Amino acid sequence: MTMYAALLRGINVSGHRKVPMAELRTLLTGLGHGDVGTYLQSGNAVFSSDSGDEDTLAAGLERAIEERFGFEVRCLVRDGGYLAAVAEACPFPAAELQPKELHVTYFDQPVDDARFAPLDAPAFLPEEFRLGERALYLHAPGGLGGSKLAAALSRPSLVKGLVATSRNWNTVTRLVEMTGGDA
């Protein structure tokens, strides 16, 4: 059995698209997954499965959420090893930064520098980003709420065709711990 994290995109934001975590745990258990747990109210769940296909697991969860709650929620499913590798590959000095300054955006597919080339990255300093394996690391010294770079990185022209969801560093490391990824 492999431990996975399910990263749900855009739920429980400002009272919209409500997915209670207790119901999400019940849903995951009903799909046949074991060791189910959730973290925070923002769409982070962990579970074990003997399936090795993250895309199939995500599609099954998306269907079940739509059937249960009546709206579409895009999900990314990643195993603990991948989550640990992303945390370990962080190009910024995570141990020296406040967790609110560092975020990871997970993508459903690989991204390359060409996708973000239209962005004038130096214009956003001291905010910076770097790409990783199906991930983008964002260092926003003032936090995500007022980040002009975060807003620019989420422009539809840059993320068209991607499923993307972001987590702060506390959540990144907690999901690694919960999936046994050993980062």
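See above for the structure.
Residues numbered from 1 in each chain as written. Predicted model: local features only at pLDDT ≥ 70, side-chain atom pairs only at ≥ 80, totals over all residues. Heavy atoms only, no water.

S.K.: Would you mind showing me how to read the overall build of the protein here?
M.R.: For the protein, the count of helices and strands is 7 helices and 8 strands. The C-alpha radius of gyration computed for the protein amounts to 16 Å, which stays within 12% of the reference 16 Å derived for 183 residues, consistent with globular compactness. Taken over 183 residues, the protein has a buried fraction of 47%. The long-range share in the protein, meaning contacts at least 24 apart out of those at least 6 apart in sequence, stands at 70%. Of the roughly 9100 Å² of accessible surface on the protein, 49% is carried by carbon and sulfur atoms. Put simply, the protein has 17 plus and 23 minus side-chain charges, and the middle of one group is 8 Å from the middle of the other. (Helix = DSSP H or I, 4+ residues; strand = E, 2+ residues; numbered from the N terminus. Rg over C-alpha atoms; globule rule 2.2 N^0.38 Å. Buried < 20%, exposed > 50% of the residue type's maximum accessible area, 1.4 Å probe, protein only. Contact = heavy atoms within 4.5 Å. Areas by Shrake-Rupley, 256 points an atom, 1.4 Å probe, with all protein chains shown as cover. Lys, Arg positive; Asp, Glu negative; His and termini not counted. Charge placed at Lys NZ, Arg CZ, Asp CG, Glu CD.)

S.K.: Even after reading the chapter, I still don't get the pairing of strand 3 (residues 44-49), so can you show me in this structure?
M.R.: Every regular strand shows the same layout, with side chains that alternate between the two sheet faces. With respect to burial, strand 3 is a largely interior element, 6 of its 6 residues being buried. By the alternation rule, side chains of strand 3 split into Asn44, Val46 and Ser48 and Ala45, Phe47 and Ser49, which are all buried. As paired strands, strand 2 (residues 34-39) and strand 3 are joined by 4 bridges and run antiparallel to one another. Directly across from glycine 34, in strand 3, lies its bridge partner serine 48. (Pairing = 2+ DSSP bridges.)

S.K.: It is not clear to me how the sheet that holds strand 6 (residues 128-132) should be interpreted in this structure. Could you clarify?
M.R.: Backbone-to-backbone hydrogen bonds join strands into a sheet, with any given pair of strands oriented parallel or antiparallel. As summarised here, the arrangement of the 4 strands in space is 6-7-5-8, forming an open sheet in which the pairing is antiparallel. Each end of this open sheet is capped by a strand with a single partner; those strands are strand 6 and strand 8 (164-168). Mean inter-strand twist for the sheet, computed between neighbouring axes without regard to direction, equals 20 degrees. Examined bridge by bridge, strand 5 (residues 102-107) and strand 7 (residues 135-139) share 5 bridges and lie antiparallel to one another. When the sheet's bridge partners are listed, valine 104 is paired in strand 7 with tyrosine 137. In the packing of helix 3 (residues 80-88) onto the sheet, the strands contacted are strand 5 and strand 7, and the crossing angle to strand 5 comes to about 135 degrees. (Axes fitted to C-alpha atoms, helices over the stretch in contact; angles between N-to-C directions.)

S.K.: What exactly am I supposed to notice about the nonpolar core here?
M.R.: Grouped burial of nonpolar side chains is what soluble globular proteins tend to show. Residues Leu83, Val86, Val104, Tyr106 and Trp169 are the most contacted members of the largest nonpolar core, which totals 23 residues. Only strand 1 (2-8), helix 3, strand 5, strand 7 and helix 7 (169-178) provide two or more residues apiece to this core. Top element by residues in this core is helix 3. It accounts for 5 residues. Setting aside its immediate chain neighbours within four residues, tryptophan 169 contacts Ala87, Cys90, Ala94, Pro99, Leu102 and Val104. Listed in part, the 21 residues of the second largest apolar core include Ala6, Ala58, Ala64 and Phe71. (Core = buried A, V, L, I, M, F, W, Y, C linked by side-chain atoms within 4.5 Å.)

S.K.: In this structure, what is going on with the sheet that holds strand 2? I would like to understand it.
M.R.: Pairing is antiparallel in the open sheet, where 4 strands are placed in the order 2-3-1-4. Looking at the sheet topology across the chains shown, the edges are occupied by strand 2 and strand 4 (75-79). Averaged over all pairs of adjacent strands, the angle between their axes in this sheet comes to 20 degrees, without regard to strand direction. For strand 1 and strand 4, the ladder comprises 5 bridges, and the chain directions are antiparallel. Note on strand 4: the bridge partner recorded for leucine 7 is leucine 76. Relative to the sheet, helix 1 (residues 21-30) contacts strand 1, strand 2 and strand 3, its axis offset from that of strand 2 by approximately 160 degrees. Here helix 7 sits on the sheet and contacts strand 1, strand 2 and strand 3; the angle it forms with strand 2, its principal contact strand, is near 165 degrees.

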